[in-house]
Amino acid sequence: MVEVTAQYFAAFRERAGCERERLATRSSTAQELYAELADRHGFLDAAARCKVAINGEMARWDTRLASGDTVLFFPPVAGG
Amino acid sequence: MTFAISAEVIDPETLKARLAAARAGACVSFEGWVRDHNDGEPVTALEYETHAELAVKEGEKVLAEACARFDVALAACVHRVGLLKIGECAVWVGASAEHRGAAFDACRYIIDEIKQRLPIWKKEHYANGASAWVNCATPAAPAPARLSAANQTP
């Protein structure tokens, strides 16, 4: 188990009903954690269309999680 | 080369002045405006949200790429956040160069990459009071009531 903080933006924040939450998880990668949280909060976007950042840096979905990480989940972007 | 996120109204004339360079013979700029419709839906306002720190980091990267790919003198971009009314400027991109080709190409590259890569989200507010995040999946709408009613008609 690792203890991480998940942080949500835009559509994800609204669906989750919170900006951030601390959680203990058996997920070992960012992608596994996304699947777990998508299940819990009803995020419908495929990970491939979303982005993830860990501890302030854009990250790959296969990045392994460590206790204390802050994982930022970004729904599909739409600038411009 | 500067990228900025702004909560204030974008003033293209002030920004354009930043592109001045003695060797530049061309200046191209692009403005993205809030329009009153999208996909056939009347839109009344757009709301932009961002992760400012990472948006600036990625935005600076895009500008650096444009300068490396094209023979650009200076390039800059500003993206608005907050609630924007119809007609407001949501994003401004500008590039100066010795010749027009590089300035056009850089401008196009910057806006295309920014739309795809930066952590910026857009919520459309519609005339009927509803709102939706652009590009995000939404739960399937329940089957229209009239269909189930029609099925039950003897």
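Engineer: Explain the overall build of chain B here, please?
Structural biologist: Looking only at helices and strands, chain B features four helices and nine strands. From first element to last, N terminus to C terminus, chain B shows the α and β order β-α-β-β-β-α-β-β-β-α-β-β-α. Relative to the globule expectation of 15 Å for 154 residues, the C-alpha radius of gyration of chain B, 20 Å, shows a markedly less compact shape. Each principal axis of the C-alpha distribution contributes one length, and for chain B these read about 80 × 30 × 25 Å. Looking at chain B as a whole, 32% of its 154 residues are labelled buried. Taking all contacts inside chain B whose residues are at least 6 apart in sequence as the whole, residues at least 24 apart take part in 76%.

Engineer: Please explain the sheet that holds strand β1 (residues 2-8) of chain A as it appears in this structure.
Structural biologist: Hydrogen bonds between backbone atoms are what pair the strands of a sheet, whose relative direction is either parallel or antiparallel. All names here are of chain A. Within the open sheet, the five strands sit side by side as β2-β1-β5-β3-β4. Their pairing is mixed. Edge positions in the open sheet fall to β2 (20-25) and β4 (57-59), since each of these has one partner strand only. Looking at each pair of strands side by side, their axes are set apart by 35° on average, direction ignored. Where strand β3 (residues 51-54) lies against strand β5 (residues 70-74), four bridges are found, and the strand directions are antiparallel. Its bridge partner lying in β5, A53 is registered against L72.

Engineer: Would you mind going over unusual backbone geometry with me for this structure?
Structural biologist: A negative phi holds for most residues other than glycine; trans holds for most peptide bonds. All names here are of chain B. The backbone of D39 shows a phi angle near 50°, a positive value even though the residue is not glycine. Among the structural elements, D39 can be located in the loop between β3 (37-38) and β4 (41-50). Overall, the presence of 7 C-beta atoms within 10 Å leaves D39 in the exposed class. In the Ramachandran plot, N135 falls in the positive-phi region, its phi being about 75° despite a non-glycine side chain. Here N135 is to be found in the loop between β9 (131-133) and α4 (145-152). The class of N135 is partly exposed, set by 15 C-beta atoms lying within 10 Å.

Engineer: Mind showing me how you'd approach the interface of chain A and chain B here?
Structural biologist: Many authors give the size of an interface as the accessible area that is lost as the parts come together. Each partner contributes residues to the interface: chain A has 17 residues there, and chain B has 22 residues. Sorting the residues of the side of chain A that touches chain B by element identifies α1 (10-16), β3 and β5 of chain A as the ones contributing at least two each. Partitioned by chemical class, the residues of the side of chain A that touches chain B number twelve nonpolar, three polar and two charged.

Engineer: I tried to follow the nonpolar core on my own but got confused; where do I start?
Structural biologist: Note on soluble globular proteins: their nonpolar side chains tend to be buried together. Ranked by internal contacts, the top residues of the largest apolar core, which has 59 residues, are F73(A), A66(B), V72(B), A95(B), A106(B) and I110(B). Per-element tally for this core: the top contributor is helix α3 (residues 100-117) of chain B, with eight residues. Among all residues touching F73(A), those that are not within four sequence positions of it are A6(A), Q7(A), Y8(A), F9(A), F12(A), Y34(A), C50(A) and V52(A).

Engineer: Just checking my understanding: could you explain the confidence of the model for chain B for this structure?
Structural biologist: Overall, the prediction assigns chain B a mean pLDDT of 92, with 90% of residues at 70 or greater. Per the prediction output, this complex has pTM 0.91; the corresponding ipTM is 0.94.

Engineer: Teacher, can you tell me more about the sheet that holds strand β1 (residues 2-6) of chain B here?
Structural biologist: All names here are of chain B. Within the open sheet, the four strands sit side by side as β1-β5-β7-β2. Their pairing is mixed. Strand pairing shows two members of the sheet lacking a second neighbour, β1 and β2 (26-33), which therefore form its edges. Adjacent strand axes in the sheet meet at a mean angle of 10° when their direction is disregarded. Running over the sheet, α3 touches β2, β5 (72-80) and β7 (89-97) and is turned about 150° from β7.

Rules and cut-offs
- Residues numbered from 1 in each chain as written.
- Chains lettered and ligands numbered in written order.
- Predicted model: local features only at pLDDT ≥ 70, side-chain atom pairs only at ≥ 80, totals over all residues.
- Helix = DSSP H or I, 4+ residues; strand = E, 2+ residues; numbered from the N terminus.
- Rg over C-alpha atoms; globule rule 2.2 N^0.38 Å.
- Buried ≥ 20, exposed ≤ 12 C-beta atoms within 10 Å, placed from the backbone.
- Contact = placed C-beta atoms within 7 Å.
- Pairing = 2+ DSSP bridges.
- Axes fitted to C-alpha atoms, helices over the stretch in contact; angles between N-to-C directions.
- Nonpolar A, V, L, I, M, F, W, Y, C, P; charged D, E, K, R; others polar.
- Core = buried A, V, L, I, M, F, W, Y, C linked by C-beta atoms within 7 Å.
- pLDDT = per-residue confidence, 0-100.

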